[in-house]
Amino acid sequence: MKRLFFRVFALALAGVVALLGLFVWFAYTPVGLRQSPLDFTVEPGSGMRQVARQLTDAGIDTWPFALVMLARVTRQANSVKAGSYEVEAGVTPLLLLDKLTRGDTTQAELALIEGWTFRQFRAALDRHPDLRHDTAGLSDSEVLARIGADATHPEGLFFPDTYLFARRSSDVDLLRRAHRQQQRILQREWAQRAEGLPYQTAYEALVLASIVEKETGRAADRPLIASVFVNRLRGGMLLQTDPTVIYGIGPAFDGDLRKRDLVTDTPYNTYTRPGLPPTPIAMPGVAALRAVLNPPSTEYLYFVARGDGSSAFSRTLAEHNRAVARYIRKQQP
């Protein structure tokens, strides 16, 4: 009886050792890949069993059951992070689990450009193939609510920059990041503003910065353009800036600004209404914010585009009219 017991025990022990050996072999043996490198996605909310199926469906040749058991033994089963990943030939199940639990995702990028409107921002988000389009079909106010923004109008509230993100992440997350970044930068720059500016709030500075952003053809002219608008506000003059009129026309604008547009009153027509328009008209960058918050001291009240991207600045209406005759009328047929 004892001899039988020892034989059974020896066989069981040999089986356990064999299983452990097989398990170790599995953990350290490179998996097969349909191609190298191989991209795959772990969907949000996936449990370890679902993750194992997603890996095999993506073209990773592994044993799903063994991978789940390995994740449990190494206490990684509940730590896998959703996202897009890339693996190359030679990756083992152990290294694969390490990548998944570290969240070592592949990244995509999206450039949001200074001077774009929020409508252009949303179009760029909608076109990007690596984003999850959770804002599709939402109104602007619904988008603001979704990101937790305490605002009624989105224009100007998102910082233009190049954003990196994990593939298949939500456009809501990217918008939330851009909004937080703009708020952080706006408050930082507002705290360093010059004294005696003709606007009382950081939001008003943001409005003017958006105008300066749209009017600037050459970066070196940006501070001088800001000084023109600051001088006009201080003197109670109309801003008379075409980009605000165009923004007020909206999607109906056909690219040709006519005289009737300049005399048709809208909340954004700075030829008919004094002061700043009610909201920004674009997404200004940090350079435009700094220009309006620390403008140079000048006597300029006018500027006109030279046609080469730069602007000519004038102190008096007579000077301005001569500049218009030189740079604008000569361009007309």
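Fair warning: this is a prediction, and the values are worked out from it, not measured in the lab.

### Digging into the packing of helix α2 (residues 48-58) against helix α3 (residues 64-73)
The angle between the axes and the distance between the axes are what describe a pair of packed helices.
Turning to step 1, where the next piece is worked out: Their axes nearest at 9 Å, the elements α2 and α3 cross at an angle of 135°. Here α2 lies oblique to α3, going by the angle between them. Handedness of the α2/α3 crossing: right-handed. Residues M48, R49, A52, L55 and T56 of α2 touch α3, and the partners they reach there are P64, L67, V68, A71 and R72.

### A few points about the environment of V230
Turning to step 1, where the next piece is worked out: In this fold, V230 is placed in helix α9 (residues 222-234).
Turning to step 2, where the next piece is worked out: Sequence spacing of V230 and R273 is 43 residues, and the spatial spacing of their C-alpha atoms is 16 Å.

### Points about the packing of aromatic side chains
Turning to step 1, where the next piece is worked out: Counted according to the given criterion, the structure contains seven aromatic pairs.
Turning to step 2, where the next piece is worked out: With 5.7 Å between their ring centres and 90° between their planes, F229 and F303 make a pair best called edge-to-face. Taken together, the residues span a long stretch of sequence, with F229 in helix α9 and F303 in strand β9 (residues 302-305) at a distance of 74 residues.
Turning to step 3, where the next piece is worked out: Its relative accessible area of 1% is what places F229 among the buried residues.
Turning to step 4, where the next piece is worked out: Among the aromatic side chains, those forming a connected cluster through ring pairs are F229, Y300, F303 and F313.
Turning to step 5, where the next piece is worked out: Residue placement shows R193 over the ring face of W190; its charged tip is 3.9 Å from the ring centre.

### What about the side chain of S311?
Turning to step 1, where the next piece is worked out: Mapped onto the secondary structure, S311 falls in strand β10 (residues 311-314).
Turning to step 2, where the next piece is worked out: Taking relative accessible area as the criterion, S311 reaches 6% and is therefore assigned buried.
Turning to step 3, where the next piece is worked out: Not counting the four nearest positions on each side in its chain, S311 is found in contact with D221, I225, F303, V304, A305 and R306.

### Comments concerning the pairing of β9
Turning to step 1, where the next piece is worked out: Where β9 meets β10, four bridges bridge the pair, whose relative direction is antiparallel. Residue Y302 lies in a different strand from β10, and its bridge partner there is S314.
Turning to step 2, where the next piece is worked out: Adjacent in sequence and paired antiparallel, β9 and β10 are bridged by five residues, among which G307 carries a positive phi angle near 105°.

### Examining the packing of α9 against helix α12 (residues 286-293)
Turning to step 1, where the next piece is worked out: Two elements in contact, α9 and α12, have axes separated by 8 Å at closest approach and are oriented at 45°. With respect to each other, α9 and α12 are oriented oblique. Where α9 crosses over α12, the two elements pack in a sense that is right-handed. Residues R222, P223 and A226 of α9 touch α12, and the partners they reach there are A287, A288, A291 and V292.
Turning to step 2, where the next piece is worked out: Taken together, the residues of the contact of α9 with α12 sort by class into six nonpolar, no polar and one charged.

Conventions and cut-offs
- Residues numbered from 1 in each chain as written.
- Predicted model: local features only at pLDDT ≥ 70, side-chain atom pairs only at ≥ 80, totals over all residues.
- Heavy atoms only, no water.
- Axes fitted to C-alpha atoms, helices over the stretch in contact; angles between N-to-C directions.
- Helix = DSSP H or I, 4+ residues; strand = E, 2+ residues; numbered from the N terminus.
- Parallel < 35°, antiparallel > 145°, perpendicular 65-115°, else oblique.
- Left-handed = near helix turned anticlockwise from the far one by under 90°.
- Contact = heavy atoms within 4.5 Å.
- Phe/Tyr/Trp six-rings, centres within 6.5 Å; stacked < 30°, edge-to-face > 60°.
- Buried < 20%, exposed > 50% of the residue type's maximum accessible area, 1.4 Å probe, protein only.
- Lys NZ or Arg CZ within 6 Å of the ring centre and 35° of its normal.
- Pairing = 2+ DSSP bridges.
- Nonpolar A, V, L, I, M, F, W, Y, C, P; charged D, E, K, R; others polar.

Just geometry here; none of it tells us what the structure is for.
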